[in-house]
Amino acid sequence: MSKFPKLILAAHAALAVSLLAGSALAGKYNLGREATSEEVAAWNIDVRPDGQGLPEGRGTVAEGEEIWTEQCASCHGDFGEAVDRWPVIAGGEDTLAGDDPVKTVGSYWPYLSTVFDYVNRAMPFTEARSLEPDQVYALTAYIMNINDLVDEDFELSKDNFADQKLPNEGNFFDDNRLSTPVFAKTEPCMSECKPKVKVTMRARVLDVTPEDDTD
Amino acid sequence: MVRDMTADSPTDDHKLKARRSFLRGGLAMGGAAAAAAAAATAATGGAALANGDQNILELKDWNQYPGDGVDARPYGTPSEFEEHVQRKSVPWLTADPISSVNFTPLHELDGIITPNGLCFERHHAGIAEIDPSEHRLMINGLVEKQLVFTMEDLMRFPRKNQINFLECAANSGMEWRGAQLNGCQFTHGMIHNVMYTGVPLKVLLAEAGLKSNAKWLLPEGADASGMTRSVPMEKALDDCLVTWKMNGEALRPEQGYPLRLVVPGWEGNMWVKWLRRIEVGDKPWHHREETSKYTDLMANGKARRFTWEMDVKSVITNPSPQAPLKHDKGFTVLSGVAWSGRGKVSRVDVSLDGGRNWQAARIDGPSIDKSMHRFYFEFDWDGSELLLQSRAIDSEGFVQPTKDALRAVRGENSIYHNNGIQTWHIKKDGTVENVEVS
């Protein structure tokens, strides 16, 4: 079924529906109805790291910069440095092990497909789903460029997408919390567990709690 | 303290009676002020009681005049004297309230169920306002038959009720570097506990027919963030619910009306609101909320991903910074909540001396898998300073760690999954502060 989205995009509804009908089995409750190929295509926009789900299209860094300046820079800054507390998109290399990690597409995100998928489904913030595929390719190319991953003349397309890797991909590992000491299942101490206790830090020193009457 | 009460103001009739009371030479007070005066009277103790408590000696309006009739409040709201019980946000935390979070006032609640209007909110593109007649749920991908359901279709499936806590993975996330926010609402309020009604996800998947290579699901929201998370098939076939009711009534808009995925015990971000589509696939999608966000950065710069379960945790809700002790020394009730994404809570210990000595608290009310538990510890306060802590142990035997033990294995930059033991410093005057201890 991994080829299914391509089929829908490439072929016409009649073909897709006939393929489905061949394997259609009635559910136990016979509730709901079969989705049409147009319906699935309308909603099935998600993209995976292996490129599954990418639409046809292409876009250059220069085209991306133009869209970025118009639709993205007011929150994310001209070069992805961000305004106020909006997400930083570029920079942050070599900060992840420091006191102030800056998690950007270049420094942190493991997969480029995540950029394409997220921009395509949720950006710009005030008007999601308004970008054409070529625009999303162009913006993704621009985001790569401001993260020093590609040159100014780079063009990103469906065809070369899967070849693009982000530098931090290898630094993610699956959940292994249970192997850490805090999950030792040790019967906890009940009395005289440590010497007399001292206060080491107080919230009031920072004083960042909202006031009672702040709405 | 007195806010605009336009939203649920007492009736004009009620105000008139209050004015009448004033003209009679009684206490000229609105609700909040009256409550404050009552507290002041109580605080002065016996000295003010020449002939006795004025609250007893004086005839009260509510004791003399009839109140509102049955249809004055067709959808009931709390007493005006409870108006301070509200969700609250921490404005500096996020760039914009549209993609932000507020917090459940845990210190004002008791038992285990969170009232619908007080369940904390976390939106990534604001609240989607959806007409249920226009809402559809699609199941597509690696299934025998790709399906579309209306809300009416879904309500014809066999139903199940489940009480589960939902905790944001970032709950207590602001406390990694030390005590910061003064109130359990802010330190621990990204949680709620609700009874959901819906259809088991596995029933819907069976209706579509899973293909043999179906290993992952991608639930997707209908809001403007198009929220997506990858959910492994084992969890989907275990205890996930597709729900439309919370605590007996329709989901609130801010909780995903008309349809929400319930993923018991797992981080709240996966409980996709405004659920409109579930794609079935053979690999995870690695979308934004499971790569850029909701991954746990370690001190060495590497990051843990797919950290789904919420770890065993507890907090003392009363007393706490927003709920100080208002009485002199004497008998008092300490109360709190505990939960684990890996099972039930089997025990909660309480310390009055910052974790040096511990005693078992009393769990009261239902003990349910992946639900909040309520605990109490009654004691005689001698009026001295205390360092209160609670420590939960779950049915798997996992023990809530100290914050320092957690920092030793996580560093201070992981944001998510902070289940460390909280300390409240009770002062001699009964006020309470969020502190860290040796």
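One structure accompanies this document, and this report is about it. What you see is a predicted model; the values in this text were computed from it and never measured.

The rules behind each value
- Residues numbered from 1 in each chain as written.
- Chains lettered and ligands numbered in written order.
- Predicted model: local features only at pLDDT ≥ 70, side-chain atom pairs only at ≥ 80, totals over all residues.
- Heavy atoms only, no water.
- Disulfide = S-S within 2.5 Å.
- Buried < 20%, exposed > 50% of the residue type's maximum accessible area, 1.4 Å probe, protein only.
- Axes fitted to C-alpha atoms, helices over the stretch in contact; angles between N-to-C directions.
- Helix = DSSP H or I, 4+ residues; strand = E, 2+ residues; numbered from the N terminus.
- Parallel < 35°, antiparallel > 145°, perpendicular 65-115°, else oblique.
- Left-handed = near helix turned anticlockwise from the far one by under 90°.
- Contact = heavy atoms within 4.5 Å.
- Nonpolar A, V, L, I, M, F, W, Y, C, P; charged D, E, K, R; others polar.
- Phe/Tyr/Trp six-rings, centres within 6.5 Å; stacked < 30°, edge-to-face > 60°.
- Lys NZ or Arg CZ within 6 Å of the ring centre and 35° of its normal.
- Pairing = 2+ DSSP bridges.

Okay, the state of the cysteines next. Evaluated as defined, the whole model comprises one disulfide over all chains. Covalent S-S linkage joins Cys189(A) and Cys193(A), the inter-sulfur distance amounting to 2.1 Å. Because the sign of the S-S torsion sets the handedness, a value of about -100 degrees for the bond joining Cys189(A) and Cys193(A) places this disulfide among the left-handed ones. By relative accessible area, Cys189(A) is classed as partly exposed at 35%. Cys72(A) forms no disulfide, and the closest cysteine sulfur to it belongs to Cys75(A), at a distance of 9.0 Å. Not engaged in a disulfide, the cysteine Cys168(B) finds its nearest cysteine sulfur in Cys119(B); these two sulfurs lie 14 Å apart. Classification of Cys168(B) by relative accessible area gives buried; the value is 5%.

Residues and elements named next belong to chain A. Axis separation between helix 6 (residues 112-122) and helix 7 (residues 133-146) bottoms out at 10 Å; the angle between their running directions is 135 degrees. On the basis of their axis angle, the class for helix 6 and helix 7 is oblique. Our pair here, helix 6 against helix 7, has a crossing hand that is right-handed. Across from Leu112, Val115, Phe116, Val119 and Asn120 in helix 6, the residues of helix 7 making contact are Pro133, Val136, Tyr137, Leu139, Thr140, Ile143 and Met144. Residue classes in the contact of helix 6 with helix 7 are distributed as ten nonpolar, two polar and no charged.

Here the structure, examined in full by the defined rule, presents 18 aromatic pairs over all chains. Aromatic pair Tyr29(A) and Phe157(B): ring centres 5.5 Å apart, planes at 75 degrees, arrangement edge-to-face. Taken together, the residues span two chains, with Tyr29(A) in the loop between helix 2 (13-23) and strand 1 (33-34) and Phe157(B) in the loop between helix 5 (151-154) and strand 6 (160-167). For Tyr29(A), a relative accessible area of 29% translates into the label partly exposed. Among the aromatic side chains, those forming a connected cluster through ring pairs are Trp216(B), Trp266(B), Phe306(B) and Trp308(B). Positioned above the aromatic ring of Phe398(B) is the side chain of Lys185(A), whose terminal nitrogen or guanidinium carbon lies 4.9 Å from the ring centre.

Moving on, we get to the sheet that holds strand 22 (residues 386-394) of chain B. Spatially, 5(A)-24(B)-23(B)-22(B)-18(B)-19(B) is the arrangement adopted by the six strands of the open sheet, whose pairing is antiparallel. In this open sheet, the two edge strands, each paired with only one partner strand, are strand 5 (199-202) of chain A together with strand 19 (359-360) of chain B. Summarising the sheet, strand 18 (residues 345-351) of chain B and strand 19 of chain B pair through two bridges and their orientation is antiparallel. Within strand 19 of chain B, the residue paired with Asp349(B) across the bridge is Ala360(B).

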